[in-house]
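The lines below spell out each chain.
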Amino acid sequence: MNETVIKVENLGKAYRIGLREQKNETLVGTFIESLKTPFANFKRLTNLRKFKSDSNDKDIFWSNRNISFEVKEGEVLGIIGKNGAGKSTLLKMLSRITEPTEGRIEIHGKVSSLLEVGTGFNPELTGKENIYLNGTILGLTKKEVDERYDEIVEFSGIEQFIDTPVKRYSSGMKVRLAFAVAAHLEPDILIIDEVLAVGDAEFQKKCLGKVQSVASKEGRTVLFVSHDMAAVKHLCSRAILLKNGSIEFEGNTDDVVDYYMKNAKQIEEKDRKINVENRRGNGKFIVTGIDFLNAAMHPITVLHCGMELNIKISYKCLEKPVNPVINLIFKKNMQFEVMNLLSRSAHHGVMQLQQEGSIVCNIPKLPIMSGRYSIDLLMKYHQDLTDFVEDIIIIDVEKGDFYGTGQITEFVRDGILVYHTWNVE
Amino acid sequence: MHEKPKTIIEANKSKTFFDFKEFWRYKDLLYFMVLRDVTVLYKQTVLGFAWAVINPLFQIVVFSVIFGSLVGVKPDMNNMPYPIFSCLAVIPWNYFSNSLNASGSSLITANSIISKVYFPRIIFPLVPVLSKLVDFSISFLILIGMMIYYKYQPGFNVLYVLLPLILAIVTSAGLGFWFSALSVQYRDFKFALSFMLPLLMYVAPVAFPASTVLNKLGPTAFHIYALYPMVGAIEGMRCCFSVGKEMPFNLLLIGYSSAFVIFFTGLWYFKKTEKYFADIA
């Protein structure tokens, strides 16, 4: 017991990011440039996988650097940090998906990594066929799947659909089947990304319960990445906090989570205070604060795509407004309007407010993609513009499982997500 | 407690040789991915596996009408009728072309898997090379049908049938390694492959007998021509089903030599670039 099973030394990973290309002003210049483009493209594509340790190229971005830690057998290590702190890259290196640019990892034991559930699921194949395909993709042999097949089917709870093509499944059924396979891998070391913590509450609970039993009863080593501080505190004995690709803080979970929350709060207080610099209107009906709450009405610091979000707007008014206009305008990258929340159009019946208080806008599934948004708030009463605050608050939205399929919606595009289904014909 | 495997991951030190032991551990995955390709291919079609017959059949008809009747190409396989002569080229050619096409783009198609799970990447280009063998086998029905129709009976060379087939398999796997690895980084190769395949078909002795090259350009040119492994594969296939024609062992030998060079250099390049696939796919 308590042997070191993972040893990471000075790990680093560099990526090339795109640099802005030089543009030519003249027609001749543009023409010559276009002749040179293939050569430039070739150099760019070739450089994608070349990093000299001494090079100082501007387009090299270190996603992870100088990371060293050890994990003992049977330990559950939490990895926390903000979006872009390098958590996913670290997991990808540990699970051999991508090679480190520098440093070394030593692993004793069989590793299974779940960065996504249902990788390689084919919609045309039946549930049974997909169990075998997905199981072998995750490193099992046919014999091992055979042995676990009955348990997997039972755990998934979809026995009667097991010979139906997966494309006829609901998204919830797909996730259940995928997780059932993942839950029966029985590796020495399990690496789990936060993907398991999304989906509906029941599914989350089942996943976390399984992770816990893997860790405590079976004595396996687990690396767990999550934004859910409660889950991290609950499951992990030790945690590391990543910031800008390096370890900022390491220790027992409570200390690390407290440290992270304290720092997150500082950031929050700086960023989340409403900004009323750009304010117009007659001031008879004004906003005094905005809070973001989760489904359970607890204040949150991290928003993600697909979550249930409550936006609490505190206000003050000279009278008791009836049917006022309160509009929230979400702007991506501080400029493009992507979403408008309109109290007058969306509210049934008469909206009667007190002179002072708060009103909550509920979004069942946050449809905006990951990125930075600023919000404008517009309030009107009796046809008069009473308060219009531009960029009242800036929020960062992270990737999430919008469609409830167990897959993180990764596309970074403009616009919003719309719930829909696809049928392969 | 069972013995635990030890893995060391180190920057710039990953293995560049082929790890057969690891590959063997994942043989079941290869099997299920081939099975997936075969099951999924003709799902939700009316004709199903009949497509594996219809597609080459029409090609053979067109070749027979244009080259056999209009142009008047004479098969050099003793008394082999032109439709059988062209069938024996179209079947291996279609196998080669379909498997190389799918193999070359296999990594691009699978990029969502590549960035989420680790397993030997070499499986991706190998899957189509194996799964297209099913189509290949089914299209043999055409050959059997034609042999009955023309009352044509092949000689004992049939026993050599695996020689040209394995040559086609090795060649498409080797080129599949090259093109899949190259097109992950340079998508140009994806386009290059799709426009080169039809050209390669006209170069191969599909419509005409390989001996035309020997007669028109001489033995040196003919041996250089044989470096193109499909020459040996197609001629070999025809001789297998000919009556009394000797197997073209020289063509097969030259073809195999160049196919193995392609295969092993392809494997080397694939292993060399494999570790970057997740980053650049």
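The structure presented is a predicted model; accordingly, all values stated were derived computationally and were not measured.

## Topic: the environment of Thr89 of chain A
Residues and elements named next belong to chain A.
Reasoning step 1: Counting through the fold element by element, Thr89 comes out in helix H2 (residues 87-94).
Reasoning step 2: Note on Thr89: relative accessible area 10%, which makes it buried.
Reasoning step 3: For the pair Thr89 and Leu190, spaced 101 residues apart in sequence, the C-alpha separation works out to 16 Å.

## As for the packing of helix H4 (residues 82-104) of chain B against helix H9 (residues 188-203) of chain B
All names here are of chain B.
Reasoning step 1: Their axes nearest at 11 Å, the elements H4 and H9 cross at an angle of 165°. When the axes of H4 and H9 are compared, the pair comes out roughly antiparallel. For H4 against H9, the interelement crossing comes out right-handed. Of the residues in H9, those in contact with Trp93, Phe96, Ser97, Leu100, Asn101 and Gly104 of H4 are Leu193, Leu197, Leu200 and Met201.
Reasoning step 2: Tallied by class, the residues present in the contact of H4 with H9 amount to seven nonpolar, three polar and no charged.

## With respect to the domain arrangement of chain A
Reasoning step 1: Each domain of chain A was delimited in the assignment, giving domain 1 (4-10 + 63-265), domain 2 (12-60) and domain 3 (273-398).
Reasoning step 2: Computed over C-alpha atoms, the centres of domain 1 of chain A and domain 3 of chain A are 36 Å apart.

## What about the interface of chain B and chain A?
Reasoning step 1: Residue-level contacts link 42 residues of chain B with 49 residues of chain A.
Reasoning step 2: A combined buried area of about 4,100 Å² lies between chain B and chain A, and 57% of that area is made up of carbon and sulfur atoms.
Reasoning step 3: If you sort the residues of chain B by the area they bury against chain A, Ile9, Phe32 and Lys116 of chain B come out on top, with a joint share of 19%.
Reasoning step 4: Counting every contact that joins chain B to chain A gives five salt bridges.
Reasoning step 5: In this structure, Glu22 of chain B engages Arg96 of chain A in a salt bridge whose closest nitrogen and oxygen atoms are separated by 3.4 Å.
Reasoning step 6: At the surface where chain B touches chain A, the tally comes to nine residue pairs in polar contact (both at pLDDT 80 or more).

## Section: the packing of aromatic side chains
All names here are of chain B.
Reasoning step 1: Evaluated as defined, the whole model comprises 32 aromatic pairs over all chains.
Reasoning step 2: Summarising the aromatic geometry, the rings of Phe140 and Phe241 are spaced 6.1 Å apart at their centres and angled 40° between planes, so their arrangement reads as tilted. Here the residue Phe140 occupies a position in helix H7 (residues 123-149), and Phe241 occupies one in the loop between helix H11 (229-240) and helix H12 (249-274), the gap between them amounting to 101 residues.
Reasoning step 3: Take Phe140: its relative accessible area is 17%, and that puts it in the buried class.

## Let's talk about the sheet that holds strand E4 (residues 102-108) of chain A
One key point about sheets: their strands pair by backbone hydrogen bonds, in either a parallel or an antiparallel sense.
Reasoning step 1: With antiparallel pairing, four strands are arranged side by side in an open sheet as E2(A)-E1(A)-E4(A)-E1(B). Whereas interior strands pair on both sides, the edge strands pair on one side only; in this sheet they are strand E2 (60-72) of chain A together with strand E1 (6-10) of chain B. Across the sheet, the mean angle separating the axes of adjacent strands is 15° when strand polarity is ignored.
Reasoning step 2: Looking at chain direction, strand E1 (residues 4-16) of chain A and E4 of chain A are connected through five bridges and run antiparallel. Along E4 of chain A, the bridge assignment pairs Gly12 of chain A with Glu102 of chain A.
Reasoning step 3: On the sheet, H2 of chain A packs against E1, E2 and E4 of chain A together with E1 of chain B and is oriented at approximately 120° with respect to E1 of chain A.

## Quick word on a nonpolar patch on the surface
Reasoning step 1: Taken together, the side chains of Leu57, Phe58, Val61, Val62, Val65, Ile66, Leu70 and Val71 of chain B make up a nonpolar region of the molecular surface, amounting to roughly 740 Å² of accessible area.
Reasoning step 2: Classification of Val71 of chain B as exposed rests on a relative accessible area of 55%.

## Some details on the sheet that holds strand E11 (residues 285-293) of chain A
Residues and elements named next belong to chain A.
Reasoning step 1: Taken in spatial order, the three strands of this open sheet run E11-E13-E16, and their pairing is antiparallel. Pairing within the sheet leaves two strands with one partner each, and these edge strands are E11 and strand E16 (356-363). Ignoring strand direction, the axes of neighbouring strands in this sheet form an average angle of 25°.
Reasoning step 2: Taken together, the eight bridges between E11 and strand E13 (residues 309-317) define a ladder with antiparallel strand orientation. Within the sheet, the bridge partner assigned to Phe292 lies in E13 and is Ile311.

## With respect to unusual backbone geometry
A negative phi angle characterises most non-glycine residues, just as the trans form characterises most peptide bonds.
Residue and element names in this part refer to chain A.
Reasoning step 1: Backbone geometry at Arg96 places phi at a positive 65°, although glycine is not the residue there.
Reasoning step 2: Relative to the helices and strands, Arg96 resides in the loop between H2 and E4.
Reasoning step 3: Judged by its relative accessible area of 33%, Arg96 is partly exposed.
Reasoning step 4: A positive phi angle is found at His382, which is not glycine, with a value near 55°.
Reasoning step 5: By the element assignment, His382 lies in the loop between strand E17 (371-381) and strand E18 (384-398).
Reasoning step 6: Since its relative accessible area comes to 55%, His382 is described here as exposed.

Basis of the calculations
- Residues numbered from 1 in each chain as written.
- Chains lettered and ligands numbered in written order.
- Predicted model: local features only at pLDDT ≥ 70, side-chain atom pairs only at ≥ 80, totals over all residues.
- Heavy atoms only, no water.
- Helix = DSSP H or I, 4+ residues; strand = E, 2+ residues; numbered from the N terminus.
- Buried < 20%, exposed > 50% of the residue type's maximum accessible area, 1.4 Å probe, protein only.
- Axes fitted to C-alpha atoms, helices over the stretch in contact; angles between N-to-C directions.
- Parallel < 35°, antiparallel > 145°, perpendicular 65-115°, else oblique.
- Left-handed = near helix turned anticlockwise from the far one by under 90°.
- Contact = heavy atoms within 4.5 Å.
- Nonpolar A, V, L, I, M, F, W, Y, C, P; charged D, E, K, R; others polar.
- Domains from an automatic or database assignment.
- Buried area = accessible area lost by both parts, 1.4 Å probe.
- Salt bridge = Lys/Arg side-chain N within 4 Å of Asp/Glu carboxyl O.
- Polar contact = N/O pair within 3.5 Å; in protein donor to acceptor, adjacent residues only side chain to side chain.
- Phe/Tyr/Trp six-rings, centres within 6.5 Å; stacked < 30°, edge-to-face > 60°.
- Pairing = 2+ DSSP bridges.
- Patch = residues over 30% accessible without salt bridge, like charges linked within 9 Å, V, L, I, M, F, W, Y side chains within 5 Å.
- Areas by Shrake-Rupley, 256 points an atom, 1.4 Å probe, with all protein chains shown as cover.

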